[in-house]
Amino acid sequence: MDSDTDVSNTVLITVDSLRADAISPYGEAGQTPTLASLADRGTVFENAFATGNWTPFSFPSMLASRPVFADTGRIGVDSSPTLPRVLADSGIATGGFNAANGFLTSHWGYDDGFDAFEPFVASVGSSIYSRYLATHPTLEAWVQLATSPIRRVKSWLSGDADDRPFLDTSRMFDIEQGATEFIEAREDDDQPFFLWIHYMDPHTPYVPAPRYIRAVSDDTVGTHRMLRAHARTAFGLEVGPQTLADLRMLYQAAVTQVDASIGRLLETLSATGHDDDTAVIVAGDHGEEFQEHGHLAHYPKLYDELIRVPLIVDLPGSDARRIDQPVGLDALPPTIADCFGVDAPEVWTGESLVATVREGAAPTDTPIVSVAVRGEEVTTQPIPRSLADGDLLVSVRDKRWLYTENTETGAIELYDRQQDPTQQDELSAKQGGLSADAQQAHDRFSEIAAEHAAMLSAAADNDTAGDDAVDEELETRLAALGYR
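Predicted, not measured: the structure shown is a model, and the values here were computed from it.

**A look at helix H2 (residues 55-64)**
Next up, step 1: Where burial is concerned, most of H2 is hidden: 10 out of the 10 residues are buried.
Next up, step 2: Residues of H2 that are buried include every one of Thr55, Pro56, Phe57, Ser58, Phe59, Pro60, Ser61, Met62, Leu63 and Ala64, and no others.
Next up, step 3: Next to the buried residues of H2 lie strand S1 (9-15), helix H3 (83-88), strand S6 (193-199), strand S7 (278-284), helix H12 (332-340) and strand S14 (368-374).
Next up, step 4: Directly after H2, the chain includes Ser65, whose backbone phi takes a positive value near 50°.

**Concerning the packing of helix H1 (residues 33-41) against helix H10 (residues 241-271)**
Next up, step 1: It is the contact of H1 with H10, at a shortest axis distance of 7 Å, that shows an interaxial angle of 60°. Taken together, H1 and H10 sit at an angle that is classed as oblique. In this structure, H1 uses Pro33, Thr34, Leu35, Leu38 and Arg41 to contact H10, whose residues at the interface are Asp259, Ile262, Gly263 and Leu266.
Next up, step 2: Counted by class, the contact of H1 with H10 contains 5 nonpolar, 2 polar and 2 charged residues.

**Looking at the sheet that holds strand S11 (residues 311-314)**
Next up, step 1: Across the sheet, 8 strands lie side by side as S5-S4-S6-S1-S7-S11-S2-S12; this open sheet has mixed pairing. With one partner strand each, in any of the chains shown, strand S5 (116-118) and strand S12 (321-323) form the two edges of the open sheet. Across the sheet, the axes of successive neighbouring strands diverge by a mean angle of 10°, strand direction being ignored.
Next up, step 2: Direction of pairing for S7 relative to S11: antiparallel, over a ladder of 4 bridges. Paired with Val280 across the bridge in S11 is Asp314.
Next up, step 3: Packed onto the sheet, helix H7 (residues 172-184) meets strand S4 (93-98), S5 and S6 and runs at close to 175° relative to S6.

**What about the sheet that holds strand S13 (residues 327-328)?**
Next up, step 1: The 3 strands lie next to each other as S10-S3-S13, forming an open sheet whose pairing is mixed. Since the sheet does not close on itself, it has two edges, and those belong to strand S10 (308-309) and S13, each with one partner.
Next up, step 2: The pairing of strand S3 (residues 48-49) with S13 spans 2 bridges and is parallel. Looking at the pairing, Phe49 lines up with Gly328 of S13.

**Regarding H10**
Each full turn of the α-helix corresponds to 3.6 residues, which orients residues three or four apart in the same direction.
Next up, step 1: The terminal C-alpha atoms of H10 lie 45 Å apart, and with 31 residues this matches the ideal 45 Å at 1.5 Å per residue to within 8%.
Next up, step 2: Taking burial as the measure, the 31 residues of H10 include 22 buried ones, the bulk of the element.
Next up, step 3: Immediately downstream of H10, the backbone of Gly273 shows phi near 80°, a positive value.

**Re the pairing of strand S17 (residues 412-416)**
For a regular strand, the rule is simple: side chains alternate between the two faces of the sheet.
Next up, step 1: Of the strand pairs in this sheet, strand S16 (residues 401-406) and S17 are connected by 5 bridges, and their pairing is antiparallel. Bridge pairing in S17 places Leu402 opposite Tyr415.
Next up, step 2: A loop of 5 residues connects S16 with S17, the two strands running antiparallel in sequence, and Gly410 in this loop sits at a positive phi of about 85°.

**Quick look at the pattern of salt bridges**
Next up, step 1: Going through the model one piece at a time under the given rule, you end up with 14 salt bridges.
Next up, step 2: Here Asp174 and Arg171 are joined by a salt bridge, their closest N and O atoms 2.6 Å apart.
Next up, step 3: When the shortest N-O distance is used, the salt bridge between Asp324 and Lys399 registers 2.4 Å. A residue pair is termed long-range when its members are at least 10 positions apart, and Asp324 in the loop between S12 and S13 and Lys399 in the loop between strand S15 (391-397) and S16 qualify at 75 residues.
Next up, step 4: Since its relative accessible area comes to 32%, Asp324 is described here as partly exposed.

**Topic: a negative patch on the surface**
Next up, step 1: A contiguous patch of negative charge on the surface is contributed by Glu181, Glu184, Glu187, Asp188, Asp189 and Asp190.
Next up, step 2: As for its position among the elements, Asp188 is in the loop between H7 and S6.

Conventions adopted
- Residues numbered from 1 in each chain as written.
- Predicted model: local features only at pLDDT ≥ 70, side-chain atom pairs only at ≥ 80, totals over all residues.
- Heavy atoms only, no water.
- Buried < 20%, exposed > 50% of the residue type's maximum accessible area, 1.4 Å probe, protein only.
- Helix = DSSP H or I, 4+ residues; strand = E, 2+ residues; numbered from the N terminus.
- Contact = heavy atoms within 4.5 Å.
- Axes fitted to C-alpha atoms, helices over the stretch in contact; angles between N-to-C directions.
- Parallel < 35°, antiparallel > 145°, perpendicular 65-115°, else oblique.
- Nonpolar A, V, L, I, M, F, W, Y, C, P; charged D, E, K, R; others polar.
- Pairing = 2+ DSSP bridges.
- Expected span 1.5 Å × (residues − 1).
- Salt bridge = Lys/Arg side-chain N within 4 Å of Asp/Glu carboxyl O.
- Patch = residues over 30% accessible without salt bridge, like charges linked within 9 Å, V, L, I, M, F, W, Y side chains within 5 Å.
- Areas by Shrake-Rupley, 256 points an atom, 1.4 Å probe, with all protein chains shown as cover.
- Lys, Arg positive; Asp, Glu negative; His and termini not counted.
- Charge placed at Lys NZ, Arg CZ, Asp CG, Glu CD.

Here is the structure:
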């Protein structure tokens, strides 16, 4: 290893369902002092984009710098050289702690290369429940939400704080403890380390501890508002302005809760003497919708509220910067490898951002491609696990334009992101035709989308294992539950 950076270690913190505008470095909504401080001394990428609308579609790029479906036509990274594997093979200690997202488990290849790996999910494949959880990562959270009143009473009777029953829902204490022990075990160890931590708190259902609810609501909102908002969405009742406001408030409280946990981890780095030689990177894996385009959560759509995410890189010895040029999350693995002076595999699609962080060099001017797979309805469940599970949606975006195409139906949308940042004014269907700039973007991006779709289709055609061979028992059980 021969690194040009002052980095001995790297901590990658990923946060599920984290919109860019949910944290204070990107807007006024967030109450996130830890991330604000990190942004003040690090590099903030103003236009960072996920490569998919939910975890299994975005994480192949985040931990393997590969487009989802590009290698097998299925989700997962079991056929890709992962970042932890590349680092481990170079003598770097690796630890990964995932707060019970069933899509980030050994079942999908995400344990590869980690010396210490804990997904806080029962062994995927060992039981019907755990295999069901692998395709329904919010199930455990709903179960714990339903039982939280009982656990809260137990905490009160035992004299404990009222946080624990709610923090249990997101497994935040578990990953925090695992990460802390991993760092502390290397206090007197000269071996460089890579640590990955994945938070689930901002993922539905939003179940922040009461003190964080009070923090973002000026002490005016009680837990009953949280339960009422969740009850209305769970039973499919109309989500009016008040319920939508409550859900947004709960989401922001969950983000603030994560910010506090990140602060405690940074304190651990400082206490163990690792703060001056450790790069800290924070990214969302995708965003979250609050009815900007008719739904809640993160159904298969590719608008900015789901694809634009925060990306903050704090590299020791680097000046603070804000970078406006678009970047994709497939840049994470080569950037982290570069921090350690480790060569990136040729198959990785992203490019290192170290020169951008160090010197302010502009990232490569390449449009960002993101994909989703949509069934017969937008809200069809379960989450698609292969390219064959529905229509392929491909988006291509740069600093100004967003182009989306349903490659099965041919439906196209084009938006001017500068003039229409929330993507409400679709241009291609307007009478009078497109402007010269819009037509140029349309033509260029349609070619990129077609090339990407063809590449994924070829991978699916060459996939001999198939999704049924991976999850045959699970498919049978899901069919019995009414899922196709």
